[in-house]
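Spelled out from the first residue to the last, the chains are:
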Amino acid sequence: MSNNIYVTQPALPPLDEFTPYLKQIWENKILTNGGPFHQQLEQALCEYLAVDHLALVTNATIGLVTALQALRISGEVITTPYSFVATAHSLLWNGITPVFVDIDPKTLNLDPAKIEAAITPRTTAILAVHCYGHPCDVKAIHDIADRFNLRVIYDAAHAFGVSNAQGSVLRHGDLSVLSFHATKVFNTFEGGAIICPDAKTKTHIDRLKNFGFTDEVTVVAPGINGKMSEINSAFGLLQLKYVDRALARRSEIDRVYRDQLAGVPGIHCLEPASSKPEGYNSNCSYFPVLVSAEYGASRDALYQKLRDNNVFSRRYFYPLISDFPMYRGLPSASRANLPVAAHAADRVLCLPIYPALAAADQQRVIDLVRGD
Ligand SMILES: *Cc1c(COP(=O)(O)O)cnc(C)c1O
(Lines give C-alpha, C1' and ligand atoms only; values in the text may rest on other atoms or scores of the structure.)
Protein backbone atom coordinates (compact mmCIF):
# COMPACT_ATOMS: atom_id res chain seq x y z
CA MET A 1 0.00 0.00 0.00
CA SER A 2 1.26 3.52 -0.81
CA ASN A 3 2.49 5.90 1.91
CA ASN A 4 0.13 8.30 3.66
CA ILE A 5 0.11 11.88 2.36
CA TYR A 6 -1.36 14.45 4.73
CA VAL A 7 -2.63 17.93 3.93
CA THR A 8 0.45 19.30 5.64
CA GLN A 9 3.60 18.22 7.43
CA PRO A 10 5.45 20.58 9.76
CA ALA A 11 8.79 21.88 8.51
CA LEU A 12 11.59 21.05 10.96
CA PRO A 13 15.24 22.16 10.86
CA PRO A 14 18.09 19.64 11.38
CA LEU A 15 17.84 18.48 15.00
CA ASP A 16 21.54 18.90 15.80
CA GLU A 17 21.33 22.60 14.94
CA PHE A 18 18.90 23.09 17.80
CA THR A 19 21.27 21.70 20.45
CA PRO A 20 23.40 24.86 20.85
CA TYR A 21 20.25 26.88 21.55
CA LEU A 22 19.22 24.41 24.26
CA LYS A 23 22.71 24.54 25.80
CA GLN A 24 22.40 28.30 25.94
CA ILE A 25 19.06 28.08 27.75
CA TRP A 26 20.49 25.56 30.24
CA GLU A 27 23.36 27.96 30.88
CA ASN A 28 21.19 31.09 31.21
CA LYS A 29 18.51 29.42 33.29
CA ILE A 30 16.05 31.85 31.73
CA LEU A 31 13.05 29.88 30.50
CA THR A 32 10.45 32.57 29.80
CA ASN A 33 9.31 36.12 30.73
CA GLY A 34 10.79 37.95 27.75
CA GLY A 35 14.24 36.33 27.92
CA PRO A 36 17.07 36.79 25.41
CA PHE A 37 15.75 34.43 22.72
CA HIS A 38 12.30 36.00 22.98
CA GLN A 39 13.83 39.45 22.41
CA GLN A 40 15.99 38.20 19.55
CA LEU A 41 13.06 36.53 17.82
CA GLU A 42 10.89 39.65 18.08
CA GLN A 43 13.71 41.66 16.51
CA ALA A 44 14.40 39.09 13.79
CA LEU A 45 10.73 38.77 12.87
CA CYS A 46 10.28 42.54 12.67
CA GLU A 47 13.12 42.59 10.16
CA TYR A 48 11.95 39.55 8.21
CA LEU A 49 8.33 40.66 8.03
CA ALA A 50 9.21 44.35 7.53
CA VAL A 51 7.06 45.56 10.42
CA ASP A 52 8.07 47.98 13.19
CA HIS A 53 6.69 46.33 16.34
CA LEU A 54 5.58 42.86 17.22
CA ALA A 55 4.74 41.01 20.44
CA LEU A 56 5.28 37.24 20.57
CA VAL A 57 2.52 35.18 22.19
CA THR A 58 1.91 31.53 23.09
CA ASN A 59 -0.50 31.01 20.18
CA ALA A 60 -2.72 33.01 17.83
CA THR A 61 -5.90 32.29 19.78
CA ILE A 62 -4.49 33.99 22.88
CA GLY A 63 -3.13 36.65 20.49
CA LEU A 64 -6.63 37.39 19.16
CA VAL A 65 -8.14 37.42 22.66
CA THR A 66 -5.40 39.83 23.78
CA ALA A 67 -5.67 42.05 20.68
CA LEU A 68 -9.40 42.52 21.29
CA GLN A 69 -8.73 43.27 24.94
CA ALA A 70 -5.97 45.75 24.07
CA LEU A 71 -8.36 47.74 21.87
CA ARG A 72 -11.16 47.44 24.47
CA ILE A 73 -13.52 45.97 21.90
CA SER A 74 -17.04 45.21 23.17
CA GLY A 75 -20.61 44.88 21.93
CA GLU A 76 -20.81 43.44 18.41
CA VAL A 77 -17.99 42.64 15.99
CA ILE A 78 -18.40 41.87 12.32
CA THR A 79 -16.56 38.75 11.25
CA THR A 80 -16.45 35.92 8.73
CA PRO A 81 -18.06 32.49 9.20
CA TYR A 82 -15.50 31.02 6.80
CA SER A 83 -12.44 30.50 9.00
CA PHE A 84 -10.97 28.34 11.71
CA VAL A 85 -13.20 28.40 14.79
CA ALA A 86 -10.62 30.30 16.90
CA THR A 87 -11.49 33.51 15.02
CA ALA A 88 -14.99 33.68 16.51
CA HIS A 89 -14.01 32.00 19.79
CA SER A 90 -11.73 34.97 20.52
CA LEU A 91 -14.86 37.16 20.48
CA LEU A 92 -16.80 34.92 22.87
CA TRP A 93 -13.81 34.89 25.25
CA ASN A 94 -14.21 38.70 25.42
CA GLY A 95 -17.99 38.61 25.88
CA ILE A 96 -18.45 40.07 22.38
CA THR A 97 -21.30 39.05 20.05
CA PRO A 98 -20.04 37.91 16.64
CA VAL A 99 -22.04 39.20 13.67
CA PHE A 100 -21.39 36.98 10.67
CA VAL A 101 -21.21 38.61 7.25
CA ASP A 102 -20.97 36.67 3.99
CA ILE A 103 -17.79 36.24 1.94
CA ASP A 104 -16.69 37.23 -1.54
CA PRO A 105 -17.12 34.32 -3.99
CA LYS A 106 -13.74 34.99 -5.66
CA THR A 107 -11.46 35.28 -2.62
CA LEU A 108 -13.62 33.67 0.11
CA ASN A 109 -12.65 36.62 2.33
CA LEU A 110 -15.16 38.89 4.10
CA ASP A 111 -17.21 40.72 1.44
CA PRO A 112 -16.89 44.47 2.11
CA ALA A 113 -20.07 45.15 0.09
CA LYS A 114 -22.09 43.26 2.73
CA ILE A 115 -20.53 44.79 5.86
CA GLU A 116 -22.45 48.05 6.01
CA ALA A 117 -25.88 46.39 6.25
CA ALA A 118 -24.69 44.47 9.34
CA ILE A 119 -23.53 47.54 11.30
CA THR A 120 -25.68 48.51 14.32
CA PRO A 121 -25.14 51.09 17.10
CA ARG A 122 -23.43 48.30 19.10
CA THR A 123 -20.84 47.51 16.40
CA THR A 124 -17.30 48.41 17.49
CA ALA A 125 -14.97 46.55 15.14
CA ILE A 126 -14.37 44.31 12.15
CA LEU A 127 -12.44 41.07 12.66
CA ALA A 128 -11.41 39.91 9.18
CA VAL A 129 -9.29 36.93 8.12
CA HIS A 130 -6.74 36.80 5.30
CA CYS A 131 -8.05 33.36 4.45
CA TYR A 132 -5.38 30.98 3.04
CA GLY A 133 -3.01 33.97 3.26
CA HIS A 134 -4.91 35.67 0.43
CA PRO A 135 -5.19 39.36 1.37
CA CYS A 136 -8.59 40.86 2.20
CA ASP A 137 -9.86 43.87 0.29
CA VAL A 138 -8.19 46.04 2.92
CA LYS A 139 -8.97 49.33 1.23
CA ALA A 140 -12.72 48.73 1.14
CA ILE A 141 -12.68 47.43 4.74
CA HIS A 142 -10.81 50.50 5.98
CA ASP A 143 -13.12 52.89 4.11
CA ILE A 144 -16.09 51.40 5.96
CA ALA A 145 -14.21 51.35 9.28
CA ASP A 146 -13.34 55.04 8.87
CA ARG A 147 -16.88 56.03 7.99
CA PHE A 148 -18.40 54.19 10.95
CA ASN A 149 -15.55 54.71 13.40
CA LEU A 150 -14.80 51.00 13.80
CA ARG A 151 -11.53 49.31 14.73
CA VAL A 152 -10.07 46.68 12.39
CA ILE A 153 -8.30 43.52 13.53
CA TYR A 154 -6.90 40.99 11.10
CA ASP A 155 -6.67 37.33 11.91
CA ALA A 156 -3.50 36.91 9.87
CA ALA A 157 -2.88 33.34 11.06
CA HIS A 158 -2.34 32.26 7.43
CA ALA A 159 -0.52 35.36 6.21
CA PHE A 160 3.13 34.95 7.26
CA GLY A 161 5.39 36.53 4.62
CA VAL A 162 2.59 37.80 2.36
CA SER A 163 3.39 41.17 0.80
CA ASN A 164 3.07 43.35 -2.28
CA ALA A 165 5.06 46.28 -3.70
CA GLN A 166 3.74 48.51 -0.88
CA GLY A 167 4.93 46.15 1.87
CA SER A 168 3.64 43.46 4.23
CA VAL A 169 -0.06 42.63 4.43
CA LEU A 170 0.47 42.74 8.21
CA ARG A 171 0.75 46.54 8.22
CA HIS A 172 -3.03 46.94 7.77
CA GLY A 173 -5.62 47.48 10.46
CA ASP A 174 -5.21 48.40 14.12
CA LEU A 175 -3.67 45.01 14.94
CA SER A 176 -2.87 41.79 13.06
CA VAL A 177 -2.30 38.39 14.62
CA LEU A 178 -0.05 35.66 13.20
CA SER A 179 -0.06 31.96 14.14
CA PHE A 180 3.12 29.89 14.44
CA HIS A 181 1.23 26.64 15.06
CA ALA A 182 2.80 23.41 13.77
CA THR A 183 0.53 23.42 10.69
CA LYS A 184 1.34 26.96 9.61
CA VAL A 185 3.96 28.18 7.10
CA PHE A 186 6.35 29.24 9.89
CA ASN A 187 6.08 27.28 13.13
CA THR A 188 7.51 27.46 16.65
CA PHE A 189 5.62 24.23 17.63
CA GLU A 190 2.94 26.51 19.14
CA GLY A 191 3.19 30.28 18.94
CA GLY A 192 2.03 33.51 17.44
CA ALA A 193 2.57 37.24 17.30
CA ILE A 194 0.59 40.45 17.45
CA ILE A 195 1.76 43.09 14.97
CA CYS A 196 1.53 46.50 16.66
CA PRO A 197 1.52 49.92 14.98
CA ASP A 198 3.66 51.66 17.63
CA ALA A 199 5.86 51.08 20.69
CA LYS A 200 3.15 52.21 23.11
CA THR A 201 0.70 49.57 21.86
CA LYS A 202 3.40 46.92 22.06
CA THR A 203 4.15 47.85 25.68
CA HIS A 204 0.45 47.63 26.49
CA ILE A 205 0.20 44.20 24.85
CA ASP A 206 3.38 43.01 26.58
CA ARG A 207 1.65 43.84 29.87
CA LEU A 208 -1.60 42.14 28.90
CA LYS A 209 0.25 38.95 27.96
CA ASN A 210 1.91 38.96 31.41
CA PHE A 211 -1.20 39.09 33.63
CA GLY A 212 -1.40 42.90 33.34
CA PHE A 213 1.74 43.56 35.42
CA THR A 214 3.49 46.88 34.82
CA ASP A 215 6.04 46.36 37.60
CA GLU A 216 6.59 43.99 40.54
CA VAL A 217 3.62 45.25 42.51
CA THR A 218 1.24 46.87 39.99
CA VAL A 219 -1.42 45.12 37.93
CA VAL A 220 -3.41 47.37 35.59
CA ALA A 221 -5.66 44.93 33.72
CA PRO A 222 -6.99 41.35 33.94
CA GLY A 223 -4.26 40.17 31.57
CA ILE A 224 -3.61 36.60 30.60
CA ASN A 225 -0.53 34.38 30.53
CA GLY A 226 0.35 34.67 26.85
CA LYS A 227 4.15 34.70 26.97
CA MET A 228 6.16 32.67 24.46
CA SER A 229 8.79 30.52 26.18
CA GLU A 230 12.52 30.61 25.46
CA ILE A 231 12.40 27.14 23.86
CA ASN A 232 9.78 28.21 21.35
CA SER A 233 11.55 31.52 20.72
CA ALA A 234 14.93 29.84 20.16
CA PHE A 235 13.31 27.35 17.84
CA GLY A 236 11.75 30.23 15.89
CA LEU A 237 15.17 31.80 15.37
CA LEU A 238 16.43 28.54 13.87
CA GLN A 239 13.28 28.08 11.76
CA LEU A 240 13.71 31.57 10.33
CA LYS A 241 16.98 30.46 8.68
CA TYR A 242 15.04 27.95 6.59
CA VAL A 243 11.81 29.77 5.91
CA ASP A 244 12.79 31.23 2.53
CA ARG A 245 13.63 27.76 1.26
CA ALA A 246 10.31 26.47 2.59
CA LEU A 247 8.37 29.27 0.89
CA ALA A 248 10.18 28.67 -2.41
CA ARG A 249 9.35 24.97 -2.32
CA ARG A 250 5.68 25.74 -1.53
CA SER A 251 5.58 28.06 -4.52
CA GLU A 252 6.88 25.28 -6.83
CA ILE A 253 4.26 22.85 -5.56
CA ASP A 254 1.57 25.48 -6.06
CA ARG A 255 2.70 26.02 -9.66
CA VAL A 256 2.67 22.29 -10.46
CA TYR A 257 -0.89 21.94 -9.12
CA ARG A 258 -2.05 24.94 -11.15
CA ASP A 259 -0.39 23.64 -14.34
CA GLN A 260 -1.69 20.12 -14.00
CA LEU A 261 -5.18 20.85 -12.72
CA ALA A 262 -5.89 23.63 -15.22
CA GLY A 263 -8.66 22.49 -17.52
CA VAL A 264 -9.92 19.67 -15.29
CA PRO A 265 -13.70 20.19 -15.58
CA GLY A 266 -15.27 21.19 -12.25
CA ILE A 267 -11.96 21.82 -10.45
CA HIS A 268 -11.30 25.48 -9.76
CA CYS A 269 -7.99 26.45 -8.13
CA LEU A 270 -8.58 29.47 -5.90
CA GLU A 271 -6.52 32.55 -6.86
CA PRO A 272 -4.74 34.66 -4.24
CA ALA A 273 -6.61 37.83 -5.27
CA SER A 274 -9.17 38.91 -7.85
CA SER A 275 -6.57 41.21 -9.39
CA LYS A 276 -2.92 40.56 -8.70
CA PRO A 277 -1.32 43.60 -7.04
CA GLU A 278 2.10 44.74 -8.22
CA GLY A 279 4.99 42.82 -6.66
CA TYR A 280 2.64 40.37 -4.96
CA ASN A 281 4.29 37.63 -2.88
CA SER A 282 2.01 34.76 -1.95
CA ASN A 283 3.02 32.27 0.75
CA CYS A 284 1.18 29.27 -0.74
CA SER A 285 0.12 28.23 2.73
CA TYR A 286 -2.78 26.12 1.43
CA PHE A 287 -3.92 24.76 -1.91
CA PRO A 288 -7.70 25.15 -1.92
CA VAL A 289 -9.76 23.91 -4.87
CA LEU A 290 -13.51 24.26 -5.35
CA VAL A 291 -15.24 21.15 -6.69
CA SER A 292 -18.36 21.95 -8.74
CA ALA A 293 -21.03 19.83 -10.44
CA GLU A 294 -19.10 19.51 -13.75
CA TYR A 295 -16.51 17.44 -11.92
CA GLY A 296 -18.90 14.51 -12.03
CA ALA A 297 -18.40 13.60 -8.37
CA SER A 298 -19.17 15.58 -5.23
CA ARG A 299 -16.51 17.23 -3.08
CA ASP A 300 -17.12 14.61 -0.41
CA ALA A 301 -16.83 11.79 -2.93
CA LEU A 302 -13.44 13.16 -4.03
CA TYR A 303 -12.38 13.59 -0.39
CA GLN A 304 -13.31 9.94 0.27
CA LYS A 305 -11.61 8.67 -2.88
CA LEU A 306 -8.39 10.46 -1.83
CA ARG A 307 -8.69 8.96 1.68
CA ASP A 308 -9.20 5.48 0.24
CA ASN A 309 -5.86 6.02 -1.50
CA ASN A 310 -4.11 7.29 1.64
CA VAL A 311 -4.25 10.96 0.66
CA PHE A 312 -5.67 13.00 3.53
CA SER A 313 -6.95 16.29 2.15
CA ARG A 314 -8.97 18.60 4.41
CA ARG A 315 -12.24 20.45 4.00
CA TYR A 316 -11.03 23.86 5.18
CA PHE A 317 -13.43 25.50 6.06
CA TYR A 318 -16.27 23.10 6.67
CA PRO A 319 -18.44 23.26 8.72
CA LEU A 320 -18.82 27.03 8.82
CA ILE A 321 -18.13 28.57 12.24
CA SER A 322 -21.72 29.80 12.23
CA ASP A 323 -22.92 26.17 12.17
CA PHE A 324 -21.24 25.21 15.46
CA PRO A 325 -23.63 24.94 18.43
CA MET A 326 -22.38 28.03 20.29
CA TYR A 327 -22.97 30.22 17.22
CA ARG A 328 -25.88 28.79 15.26
CA GLY A 329 -28.54 30.52 17.39
CA LEU A 330 -27.30 33.98 16.37
CA PRO A 331 -29.53 35.78 13.84
CA SER A 332 -26.51 36.38 11.58
CA ALA A 333 -25.68 32.65 11.56
CA SER A 334 -28.61 31.67 9.36
CA ARG A 335 -27.66 30.05 6.06
CA ALA A 336 -29.91 32.56 4.26
CA ASN A 337 -27.56 35.31 5.49
CA LEU A 338 -24.45 33.42 4.35
CA PRO A 339 -25.19 31.79 0.97
CA VAL A 340 -21.71 32.27 -0.52
CA ALA A 341 -19.95 30.90 2.55
CA ALA A 342 -22.33 27.93 2.70
CA HIS A 343 -21.70 27.20 -0.99
CA ALA A 344 -17.90 27.38 -0.55
CA ALA A 345 -17.94 25.21 2.59
CA ASP A 346 -19.72 22.49 0.60
CA ARG A 347 -17.27 22.61 -2.30
CA VAL A 348 -13.80 23.34 -0.92
CA LEU A 349 -10.99 20.86 -0.55
CA CYS A 350 -7.43 21.72 0.51
CA LEU A 351 -4.86 19.52 -1.23
CA PRO A 352 -1.54 18.54 0.38
CA ILE A 353 1.11 21.27 0.26
CA TYR A 354 4.26 21.39 2.39
CA PRO A 355 7.97 21.83 1.67
CA ALA A 356 8.85 18.12 2.02
CA LEU A 357 6.07 16.93 -0.31
CA ALA A 358 7.90 14.70 -2.83
CA ALA A 359 7.22 15.30 -6.52
CA ALA A 360 6.03 11.70 -6.94
CA ASP A 361 3.61 12.08 -4.05
CA GLN A 362 2.22 15.28 -5.48
CA GLN A 363 1.78 13.50 -8.80
CA ARG A 364 -0.19 10.77 -7.02
CA VAL A 365 -2.55 13.43 -5.63
CA ILE A 366 -2.90 15.07 -9.06
CA ASP A 367 -3.57 11.76 -10.82
CA LEU A 368 -6.29 10.92 -8.30
CA VAL A 369 -7.96 14.31 -8.74
CA ARG A 370 -7.73 14.10 -12.53
CA GLY A 371 -9.02 10.55 -12.43
CA ASP A 372 -6.06 9.35 -14.57
C1 LIG B 1 -4.58 28.33 13.10
C2 LIG B 1 -5.56 29.43 13.14
C3 LIG B 1 -5.85 30.14 14.31
C4 LIG B 1 -5.37 29.71 15.65
O5 LIG B 1 -4.00 29.70 15.74
P6 LIG B 1 -3.30 29.02 17.02
O7 LIG B 1 -1.90 29.54 16.95
O8 LIG B 1 -3.39 27.54 16.79
O9 LIG B 1 -4.03 29.44 18.23
C10 LIG B 1 -6.68 31.25 14.24
N11 LIG B 1 -7.23 31.63 13.07
C12 LIG B 1 -7.00 30.95 11.92
C13 LIG B 1 -7.62 31.46 10.68
C14 LIG B 1 -6.18 29.82 11.92
O15 LIG B 1 -6.01 29.12 10.80
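Residue positions within a chain follow its written sequence, with the count starting from 1. Only residues with pLDDT of 70 or above have their local features reported here, since the model is predicted, and side-chain atom pairs are shown and tallied only from 80 upward, although totals for entire chains, interfaces and linings are computed over all residues.

In the nomenclature of an unreviewed UniProt entry, the chain is known as DegT/DnrJ/EryC1/StrS family aminotransferase of Ramlibacter albus. UniProt positions are given in the numbering used here, feature names are shortened, and annotations may be inferred rather than shown by experiment. The UniProt entry for the chain carries the following comment under Sequence similarities (unreviewed entry): "Belongs to the DegT/DnrJ/EryC1 family."

Asker: When you look at the sheet that holds strand 14 (residues 287-291) in this model, what are you seeing that I'm missing?
Answerer: As a general point, the strands of a sheet are linked pairwise by backbone hydrogen bonds and lie either parallel or antiparallel. When DSSP finds at least two bridges between two strands, those strands are taken to pair. Secondary structure is summarised from DSSP: a helix means a run of H or I of at least four residues, a strand means a run of E of at least two, and numbering begins at the N terminus for each. The strand order across the open sheet built from three strands is 13-14-16, with neighbouring strands paired in antiparallel fashion. Where the open sheet ends on each side, the last strands, each with one partner, are strand 13 (267-269) and strand 16 (348-351). Shown here is a sheet whose adjacent strand axes are inclined to one another by a mean of 35°, direction ignored. The pairing of strand 13 with strand 14 spans three bridges and is antiparallel. Across the sheet, C269 pairs through a bridge with V289, a residue of strand 14. Lines fitted to the C-alpha atoms define the axes, with helices restricted to the stretch that makes contact. Angles between their N-to-C directions range from 0 to 180 degrees.

Asker: I'm lost on the sheet that holds strand 4 (residues 97-100) in this one. Help?
Answerer: The sheet built from seven strands is open, its strands ordered 2-10-9-6-5-3-4 with mixed pairing. Either end of the sheet is taken by a strand with one partner, and the two such strands are strand 2 (53-57) and strand 4. Strand-to-strand twist in this sheet, taken as the mean axis angle between neighbours without regard to direction, amounts to 25°. Bridge count between strand 3 (residues 76-79) and strand 5 (residues 123-129): four bridges; the pairing is parallel. Within strand 5, the residue paired with V77 across the bridge is A125.

Asker: How should the UniProt feature "active site" (unreviewed entry) in the chain be read in this particular structure?
Answerer: The sites that carry the UniProt feature "active site" (unreviewed entry) are, in the present numbering, K184. K184 gets classed as buried once you count the C-beta atoms within 10 Å, which come to 23. It is the C-beta atoms, placed from the backbone, that decide contacts: two residues are in contact if theirs lie within 7 Å. Beyond its immediate chain neighbours, meaning those up to four positions away, K184 contacts A157, F160, S179 and S285. Partly exposed residues are those whose C-beta has more than 12 but fewer than 20 other C-beta atoms within 10 Å; with 20 or more the residue is buried, with 12 or fewer it is exposed, and the C-beta atoms are placed from the backbone.

Asker: Just to check I follow, could you spell out the packing of helix 2 (residues 36-49) against helix 7 (residues 230-261) for this structure?
Answerer: Each packed pair of helices is defined by two parameters, the angle between the axes and the distance between the axes. At their nearest, the axes of helix 2 and helix 7 sit 8 Å apart, and the two run at 35° to each other. The hand of the helix 2/helix 7 crossing is left-handed. On helix 7, the residues that touch F37, H38, Q40, L41, A44 and Y48 of helix 2 are E230, S233, A234, G236, L237 and L240. For the contact of helix 2 with helix 7, the class distribution of residues is seven nonpolar, four polar and one charged. For any helix crossing, the convention is left-handed if the near helix is rotated counterclockwise from the far helix by under a right angle, and right-handed if that rotation is clockwise. As a working rule, the residues Ala, Val, Leu, Ile, Met, Phe, Trp, Tyr, Cys and Pro are called nonpolar, Asp, Glu, Lys and Arg charged, and the rest polar, with Gly in that last group.

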